Amino acid sequence: MRKRMIKLAVAATITFVISVTFGFAQIKKYDEKAQLLLSNLATPEKELYVTFQFGQVLKKDEISKIKYPDSVKFTTVFIGEMKPDGFHGGNQPAYGNDTPLTVLERFKSDMNLALVELERTKPSPEITFPNFEDYGVYGFTVKGRTGEILKLMQTEQNLDLLDVTEDSSKTPLQLSKEQKKGSELSESFSLDRSINRRILPNEGRFSAYENSAGKRVVVNWFFFNTREDLSGFFNDDAYEHQTVLNKRDGSVYLGPVSTSLSNMPSYYLDSTDLNNQGIGGTAQEPDWSMGTYKASQLQTGVWYYTAITCDKGNADKDTAKLSVQAIQTYCSSSPWCVTGNRKDTQFIRTAWDISIPTSFSWKRSNILDADKTLIPAGRDTEIILTGTGFSAPFGARVKIGNTTYPIHWGAQTRYINPNQVGVKVNIANPYIDFTLWVVSNDGNISNQVKGFRSYGTIGITLITPNRVRVGQGGWLAVSGYGIRPGVRAYVNTWQIDPSGIDRISDEFVWVYVKMNTIGTFTMKLENPDGTSATKNFSVFYK
């Protein structure tokens, strides 16, 4: 998860009173966030990132009247419009000597030009876009020393304090008990929960180009078909739609972000000002991403869009991939807090299947189920995939670790119908975890299904205890490998009742035995495919 500048915060609106005594500001303590500033008065030279919001959206004329101390530096400005259901807008980056007014003016200019591409690529003529003259400023994040920020608070007292952070790449100075609890709970999140997690949109459009003003623009449209396609989101999830570029050669098509726009609920621009400049995140694979703090509010049947306007990069062409991400948020009542926990990344187009500048539509097939997730190592095995939108001809890919292997079209794939296909897989070694997906004739890929594994020939390495008393029943711990679900157990030729078998894993099974004669006996485990393994144990007198 990339580091973020202003996403970690609490929802509560904070009011405070400032008075000046002997040149020092004093904050009346109404809650912990105000106390955070107060605690820094002893070190007035410490640099902080502080986020404020106004009680309303301020238009151009109103925001131009506010005077700010020259000593503070704006890093983010929140721009939007007020609707009956609340704020519609998101965060915009500020650079150099930017003020909220200059960021607002740049936003309006950039987005009016971006509307040309949004209009050209919109999937439905019924889609309409905002009137940017209705947009204004409703908050900002500043960087400055404690004393300078206190001067700002004295200059403009109609500000609510949302967040105090020592460093843009760190968490807030203090987390509430509720935030800590959420963070701790996220650590227990099982990856098994995300094997077939439904978070991918079903179709969309992509374009990356240079506009008439000489800026670079990347536009994404995307659409979810059914509620099941959104069923992978938790109530405390954020959703990000990501365009990732290949900067391994040091060159990249897109530069620093100028402005951004989306119609997602409670949208935000991800911290690309850190990530795509190599300060944070992955410098060789920078991304230009937008998200919503409230993924659970995404709807089916709605065409969502993101439009990001950037400066020019240092290359006139590049390669890219498209991905989405679900990430935990600290709270459900505020659009200001996203964590790096419980991250799940899935792909629309893998690396590096997109050459930009370009424009294209995409529509993916959807794998919903597989007839098997465990296959024998070293032999061809057909996996039947069930889902929607399959077409012929098609290929597939297998991913082991960070390496992707092709499944040959026709020879290793079988089209059955639009809802079912067969993919023949051969994994040479046992106990290998792999991911599988389908590639259509036009280059679009399905969701990538995790949780597949190869297994080896069954074997028994240890029986504990390996001696039991005659006439006394007991559970034997049988350790080995390749012990499959549905395994059968025998003592010599006598089959153990299924109630006496408790398979724990591929490497361990409990077997209940009760012998009425003494001697040496053979324990045999047999998998459903007929492969088996044996090992002896003894029965002795009381």
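Preceding block: the structure.
**Q** I tried to follow the side chain of Thr309 on my own but got confused; where do I start?
**A** Mapping Thr309 onto the fold places it in strand S14 (residues 304–312). Its relative accessible area of 0% is what places Thr309 among the buried residues. Once you skip the residues sitting within four places of it in the chain, Thr309 turns out to touch Asp110, Met111, Ala114, Lys215, Arg216, Val217, Val257, Ser258 and Thr259.

**Q** Teacher, can you tell me more about the pattern of salt bridges here?
**A** Between side chains of opposite charge, pairing is possible as soon as their charged atoms come close. Under the definition given, this model contains 28 salt bridges. Between Asp506 and Arg484 there is a salt bridge, with the nearest N and O atoms lying 3.7 Å from each other. In this pair, Asp506 is assigned in the loop between strand S32 (501–505) and strand S33 (508–513) and Arg484 in the loop between strand S29 (474–481) and strand S30 (488–491), connecting sequence segments 22 residues apart. With respect to class, Asp506 is no different from Arg484; both count as buried. In this structure, the salt-bridge partner of Arg488 is Glu526, at a minimum N-O distance of 2.7 Å. Of this pair, Arg488 sits in strand S30 while Glu526 sits in strand S34 (residues 519–526), and the two are 38 residues apart along the sequence. Several salt bridges converge on common partners, so that one network encompasses Arg197, Asp236, Asp237, Arg342, Asp344 and Lys450.

**Q** For this particular structure, what's the right way to read the sheet that holds strand S3 (residues 47–58)?
**A** The strands making up a sheet are joined through hydrogen bonds of the backbone, oriented either antiparallel or parallel. Within the open sheet, the five strands sit side by side as S5-S4-S6-S3-S7. Their pairing is antiparallel. If you trace the sheet from one side to the other, it starts and ends with strand S5 (86–93) and strand S7 (160–165), each paired once. Taking the axes of each pair of neighbouring strands and ignoring which way they run, one obtains an average angle of 20 degrees across the sheet. In this sheet, S5 lies alongside strand S4 (residues 73–83) in antiparallel orientation, the contact comprising eight bridges. Its bridge partner being in S5, Val77 is matched across the sheet by Gln92. The sheet contacts of helix H3 (residues 100–121) involve S4, S5 and strand S6 (136–145), and relative to S4 the element is tilted by about 55 degrees. Sheet strands touched by helix H4 (residues 146–155): S3 and S6. Its angle to S6, the strand with the most contacts, is close to 150 degrees.

**Q** Sorry, what's going on with unusual backbone geometry here?
**A** Across residues other than glycine, the phi torsion is negative in most instances, and most of the peptide bonds are trans. Looking along the chain, the bond that leaves Ile356 and enters Pro357 is cis, with omega of 10 degrees. You can see Pro357 is positioned in the loop between strand S16 (344–356) and strand S17 (358–363). Ala392 connects to Pro393 through a cis peptide bond whose omega is -5 degrees. Within the secondary structure layout, Pro393 lies in the loop between strand S20 (381–388) and strand S21 (394–400). With phi around 50 degrees, Ser266 is a residue other than glycine that occupies positive phi space. Given the relative accessible area of 24%, Ser266 is considered partly exposed. Its identity as a non-glycine residue notwithstanding, Asn492 has a phi of 55 degrees, on the positive side.

Cut-offs used in this document
- Residues numbered from 1 in each chain as written.
- Predicted model: local features only at pLDDT ≥ 70, side-chain atom pairs only at ≥ 80, totals over all residues.
- Heavy atoms only, no water.
- Helix = DSSP H or I, 4+ residues; strand = E, 2+ residues; numbered from the N terminus.
- Buried < 20%, exposed > 50% of the residue type's maximum accessible area, 1.4 Å probe, protein only.
- Contact = heavy atoms within 4.5 Å.
- Salt bridge = Lys/Arg side-chain N within 4 Å of Asp/Glu carboxyl O.
- Pairing = 2+ DSSP bridges.
- Axes fitted to C-alpha atoms, helices over the stretch in contact; angles between N-to-C directions.

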